[in-house]
Amino acid sequence: MQRRSFFTGAATAVAAASVSRVAMAALPEPVIQASADTAEPLTPPNGRPYHPVVTLNGWTCPWRMNAGVKEFHLVAEPVVREVAPGFFVNMWGYNGQSPGPTIEVVEGDRVRIFVTNRLPEHTTVHWHGQRLPNGMDGVAGLNQPAIPPGKTFVYEFEARRPGTFMYHPHADEMVQMAMGMMGLWITHPKARHPLIAEVQRDYAFLLAAYAVEPGAATPRVNEMTDFNIWTFNSRAFPAISPLVAKQGDRVRIRVGNLTMTNHPIHLHGHEFEVTGTDGGPVPLTARWPEVTTDVAVGQMRQLELVADAPGDWSLHCHKSHHTMGAMGHGVPTMIGVDHQGLVGKIQKIVPDYMLMGERGMGDMGSMQMPLPDNTFPMMTGQGPFGNIEMGGMFTTFKVRSQLGANDYRDPGWYRHPKGTVAYEWQGAPLDAQAPRQTAPGTAPGAASVHKPESLPPAAGHAH
Amino acid sequence: MSPRLLRLTPVVAALVLAGCASVAPDGQRSAVTAHTAGSLPAGSQLADPAPQARAAARAQVAAWLQQPVDADTAVRIALLNSPALEAQVAALGVQDAQRVQALTLPNPTLTLGRFVNAQEREIERQLSFGLVSLITLPWRARWQGWQLEQATLTTAQQVLLHAADTRRAWLRAVAAQQQLQTAQTLHEAAAAGGELARRMARVGNFSKLEQAQELRVQQEAAANLARSRLNAALEREQLARLMGLWGAQADFVLPATLPPLPAAAALRAGDDAEATALRERLDLRALRRELDTTAERNGFARVGAVFGDVGASYSRNTSTERASGHDDITRGWELELPLPLFDWGGAASAGARSALQRNAAQLRETALRARSEARSHWLRYRTAYDLAQQQQTEAVPLARFLQDEAVYRYNGMFISVWQLLAQARSTAQAVATATEAQRDFWLADVDLQLALTGTSPGTPPSPVTPSAAPAATTEAGH
Ligand SMILES: [Cu+2]
């Protein structure tokens, strides 16, 4: 967790020369974030009070009060995001990072957002889920001219509905979203709301997927399905911050999906209800408990639960490839293939060859083998009991009885009470002679007609 | 000097000259060696047919064959041991003997006659010999000398060509042996890949189609191995033939690799190539000698044609009167002169003039070719060097880099072991291509040496066809 100075300080950078200093004088100075760590929640310094959210591996955009209007400044610009330790991706984002800062306001706030474009091409911002004047909706060509490079546009509207929203470009959006341009928008209710519970912890993140060639650093923007970097807020496990809660806290988790596929978000150890979408709070009668909720493309889901079970609980997408780092999706399965006598022969032509995958891919997590530069490994992340063998949309939900109300620090690994961890059976071993149902490669009761019967042999050769 | 003695002088001189013309005991081998010394490896010698020398040569060759045969030793063995070359040198000895024979004066003819009639018995003794061969002896001696020198130069060229052929064969044999090594490794790797694919199919991880695709790779590698094996054997056989080796000796050992490329600074400069070729090439020197010979013969042709063979004879006839027993002795000489009534030597002299022109034109043509060959072989040599250098310092490291990256991608499970093997095959192919380029440089070096100081390399540099075939690439991982 990083302490951050707001309008002034080390993390703040002066706008680039391409933006006129005279014009800038009238603008709120943008806050540029240099770190990909999770920032502390921003307690509102002015305006109506609210309980702030924690943006996983992100931060909230500070504002300036100007005659009762909350003024924010977003700078659309190329950034280098540390997606995992040592793995850097060239992205486009806002104010130094992708995703951009979370905009947090209160229902009824008048909001003015300055958007400066430092991208090499035009852009806009669409305020996903907001009720606003049509000309503020940010669709280039339809609602407004696109913001040319070097120019600053102003959006102004009232945050009318409480809820969980997001912002993203609506100009060359295929490229700009593939490059990481997105951010969260949270509108808190201005007073107690019958459908919106008071929570002690409020977490928010966006789902984003990137296609980064192993050894490269810039996402392939033309990719449509075969992504290899699956992220919460453009971070991949093990680099995603844990969600921390004091035992008994009511916790809200806000998830938005800006990838090109759905993500069944699954929480261990607890059940939750979906209490809201980007359409607003869900009526009480429409809620049901579950442990996995599918967040479809372009949707937001607001989950709520009571963190009553202490421990380190997984929180992840249930598409298992989405909890994996970069891998070749066309690599054949090697499981159960006898390599006897072949490894040495292959090493004669490829001396660094190592046998992998004949028992499954779990070894990948523990094998330390050189990968192409700047490549996010397929699975990694050490837990208290060994390798977690994940890498992507995966993090932990850490519930502790002893935790300060505003303490969001990682409390370390859970200390299990004695006798509450699965253990090795010490009794009689399984009879290894027991017959297997099938031999490998043989389907039980399969028809015995095969054609072609066999392959021709390899060309004759003397040794 | 008495007038009598003075009259005898030409005869004596001719006799002396004729006596000097003797057959060279080494069959002109040392003369040939003198022409080739600078272009052959140190310690090269030509075969000596004398039994003792033969035994020594056999021992020497056997000693050389104890070690891996390098290019210079291959040339030494070929010069000492090749029957083909020995035949050529022996032919020079034959020519030398013929020259000496030609320069030997014709034996005088002694004619004896005994004639009897009723009164007399006549005994006739006549000693005669051809004058022209005597008079033209110095002339012919010089001419034959030139001809021999020319033949020596021609034989020297044969020696250099044989040495060059041997050196080329050595380069090809070593390179083919290296390629065979590569083909063996590739085949082993493909066989491992094929076997792995078979095991994949056996446990249900591969379809028969996928297995067949790997099997095809294995089959191609096996076919390529067979071709490489044949090629290595044929190239080696060619070298053995040129070195005159057979039987157990044909099992000689070659070095594992070609000599490394020289440093760029050690390369032969191209600016004096033409001058060197014109100055040093043996074929040009031989033609120049032939031109001299023809020019000289031009004069002789006229004399010979006009006078044919002038015969001179001395007679001493004795007639004995049978009745009285009185002897009457007649002495006298006779000169036999063909009359140039019909052939005034015009045709012969015209023929000689044409021969002269032909020789002059041949010399000009050869000089032209020598210049051109010097330029083109130098260019080929220089380009072959640059290509080999590029293969070695750029293409092979790049292929190795690609392979390292493929290993990293394999480590990250981005590509399969078959894709890794395919990349490794393409790396091995790059190494093989570099070996070929290295061989081609040394072949060009042999040709250039020959073109500059020996003779025409015989193989004009073939036009280069830029290769359009891209290197095999591997399917990229996802
Ligand atoms: Cu997912």
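Here the structure is a predicted model, which means the values were calculated and not measured.

Participant: Describe the overall build of chain B, and please don't skip the residues or the numbers.
Facilitator: Summing up its helical and strand segments, chain B has 12 helices and four strands in all. With 478 residues in all, chain B has 43% of them scored as buried. Here chain B displays about 24,900 Å² of accessible surface, and carbon together with sulfur accounts for 57% of that area.

Participant: Please give an account of helix α2 (residues 29-36) of chain B that cites residues and values.
Facilitator: Taken residue by residue, α2(B) has Arg29(B), Val32(B), His35(B) and Thr36(B) as its buried positions. Buried residues of α2(B), viewed axially, fall in a sector of 120 degrees; they line one side.

Participant: Can you lay out the UniProt feature "domain: Plastocyanin-like" (unreviewed entry) in chain A for me, pointing to particular residues and giving the numbers?
Facilitator: The UniProt feature table records "domain: Plastocyanin-like" (unreviewed entry) at residues 90-191 and 218-330 of chain A. End-to-end, the C-alpha atoms of residues 218-330 of chain A are 22 Å apart, and along that stretch the chain is 0% helix and 43% strand.

Participant: Which residues make up the sheet that holds strand β1 (residues 109-116) of chain B, and what are the values?
Facilitator: Sheet strands line up and pair through hydrogen bonds in the backbone, either parallel or antiparallel. All names here are of chain B. Judged by pairing direction, the sheet is antiparallel, and its four strands sit side by side in the order β1-β2-β3-β4 without closing on themselves. Two strands bound the open sheet, and with one partner strand each, they are β1 and β4 (327-336). The sheet shows a mean angle of 15 degrees between the axes of neighbouring strands, direction not considered.

Participant: Can you explain a nonpolar patch on the surface? Please cite residues and give values.
Facilitator: A cluster of nonpolar side chains, contributed by Leu110(B), Leu112(B), Leu127(B), Tyr314(B), Trp333(B), Leu335(B) and Leu337(B), occupies part of the molecular surface with about 810 Å² of accessible area. The residue Leu337(B) is located in the loop between β4 and α11 (346-411) in this model.

Participant: Quick rundown of the interface of chain A and chain B? Include the residues and the values.
Facilitator: Contacts between the two partners involve 51 residues from chain A and, on the opposite side, 43 residues from chain B. In total, chain A and chain B occlude about 3,900 Å² of area from one another, counting both sides; carbon and sulfur atoms represent 68% of this. Taken as a group, Leu342(A), Ile349(A) and Leu455(A) account for 15% of the area that chain A buries against chain B, more than any other trio of residues on that side. At the boundary of chain A and chain B, one finds three salt bridges. Where Glu188(B) meets Lys348(A), a salt bridge forms, and the shortest distance between an N and an O atom there is 2.9 Å. Our enumeration of links across chain A and chain B arrives at 10 residue pairs in polar contact (both at pLDDT 80 or more). In terms of residues, the side of chain A that touches chain B owes the most to one element, helix α3 (residues 343-349) of chain A, which gives four residues. Residue composition of the side of chain A that touches chain B, by class: 32 nonpolar, 12 polar and seven charged.

Participant: Explain α11(B) residue by residue, including any values.
Facilitator: Residue and element names in this part refer to chain B. Taking 1.5 Å of rise per residue, the 66 residues of α11 would be expected to cover 98 Å, and the 92 Å separating its terminal C-alpha atoms lies within 8% of that figure. At Gln391, α11 shows its maximal bend, which comes to roughly 35 degrees. Phi turns positive, to about 60 degrees, at Met413, one or two residues after α11.

Participant: Break down the pairing of strand β6 (residues 110-117) of chain A for me, with residues and values.
Facilitator: Residues and elements named next belong to chain A. Across the eight residues of β6, seven count as buried, placing the element largely inside the fold. The pairing of β6 with strand β8 (residues 152-158) spans seven bridges and is classified as antiparallel. Note that in β8 the partner of Phe114 across the bridge is Val154.

Participant: Account for the packing of helix α9 (residues 273-280) of chain B against helix α12 (residues 417-454) of chain B, with residues named and values stated.
Facilitator: Pairs of packed helices are described in terms of their axes, by the angle between the two and the distance that separates them. Residue and element names in this part refer to chain B. As a packed pair, α9 and α12 sit with axes 6 Å apart at the nearest point and diverge in direction by 55 degrees. What the angle tells us is that α9 and α12 run oblique. Residues Ala273, Thr276, Ala277 and Glu280 of α9 touch α12, and the partners they reach there are Ala451, Leu452 and Thr453. Grouping the amino acids of the contact of α9 with α12 by side-chain chemistry returns four nonpolar, two polar and one charged.

Participant: Which residues make up the nonpolar core, and what are the values?
Facilitator: Counting residues in each nonpolar core, the largest one holds 61 residues, and the members touching the most others are Trp170(B), Leu239(B), Met243(B), Phe252(B) and Phe441(B). The element best represented in this core is helix α7 (residues 137-202) of chain B, accounting for 14 residues. Those residues in contact with Phe441(B), other than ones at most four positions away along the chain, are Leu261(B), Pro262(B), Leu267(B), Tyr381(B), Ala384(B), Tyr385(B) and Ala388(B). Counting residues in each nonpolar core, the second largest holds 34 residues, with Met379(A), Ala189(B), Ala406(B) and Ala424(B) among its members.

Participant: I'd like to hear about the environment of Gly391(A), residue by residue, with values.
Facilitator: Inspection of the secondary structure assignment puts Gly391(A) in the loop between β23 (386-390) and β24 (394-400). In contact with Gly391(A), other than residues within four places in its own chain, are Phe237(A), Thr323(A), Met324(A), Gly325(A), Phe376(A), Met378(A) and Met379(A).

Participant: A description of the packing of helix α4 (residues 71-81) of chain B against α7(B) should follow, citing residues and the corresponding values.
Facilitator: All names here are of chain B. One can describe the packing of α4 onto α7 by two numbers: an axis separation of 9 Å at closest approach and a directional angle of 135 degrees. With respect to α7, the element α4 is oriented oblique. The hand of the α4/α7 crossing is right-handed. The segment α4 lies against α7, with Ala71, Asp72, Ala74, Val75, Ala78 and Leu79 engaging Val159, His162, Ala163, Thr166, Arg167 and Trp170. Of the residues assigned to the contact of α4 with α7, the class counts are eight nonpolar, two polar and two charged.

Participant: Tell me what's going on with the environment of Leu40(B), and back it up with residues and numbers.
Facilitator: All names here are of chain B. Here Leu40 lies in the loop between α2 and α3 (51-64). Under the relative-accessibility criterion, Leu40 is labelled buried at 14%. Separated by 55 residues in the primary sequence, Leu40 and Gln95 have C-alpha atoms spaced 24 Å apart. With near-sequence residues (within four places) excluded, Leu40 lies in contact with Val75, Leu79, Val159, Leu160 and Ala163.

Basis of the calculations
Residues numbered from 1 in each chain as written. Chains lettered and ligands numbered in written order. Predicted model: local features only at pLDDT ≥ 70, side-chain atom pairs only at ≥ 80, totals over all residues. Heavy atoms only, no water. Helix = DSSP H or I, 4+ residues; strand = E, 2+ residues; numbered from the N terminus. Buried < 20%, exposed > 50% of the residue type's maximum accessible area, 1.4 Å probe, protein only. Areas by Shrake-Rupley, 256 points an atom, 1.4 Å probe, with all protein chains shown as cover. Arc of directions from axis to C-beta. UniProt positions renumbered as here; feature names shortened; annotations may be inferred. Pairing = 2+ DSSP bridges. Axes fitted to C-alpha atoms, helices over the stretch in contact; angles between N-to-C directions. Patch = residues over 30% accessible without salt bridge, like charges linked within 9 Å, V, L, I, M, F, W, Y side chains within 5 Å. Salt bridge = Lys/Arg side-chain N within 4 Å of Asp/Glu carboxyl O. Contact = heavy atoms within 4.5 Å. Buried area = accessible area lost by both parts, 1.4 Å probe. Polar contact = N/O pair within 3.5 Å; in protein donor to acceptor, adjacent residues only side chain to side chain. Nonpolar A, V, L, I, M, F, W, Y, C, P; charged D, E, K, R; others polar. Expected span 1.5 Å × (residues − 1). Bend = angle between axes of the 7 residues up to and from the residue. Parallel < 35°, antiparallel > 145°, perpendicular 65-115°, else oblique. Core = buried A, V, L, I, M, F, W, Y, C linked by side-chain atoms within 4.5 Å. Left-handed = near helix turned anticlockwise from the far one by under 90°.

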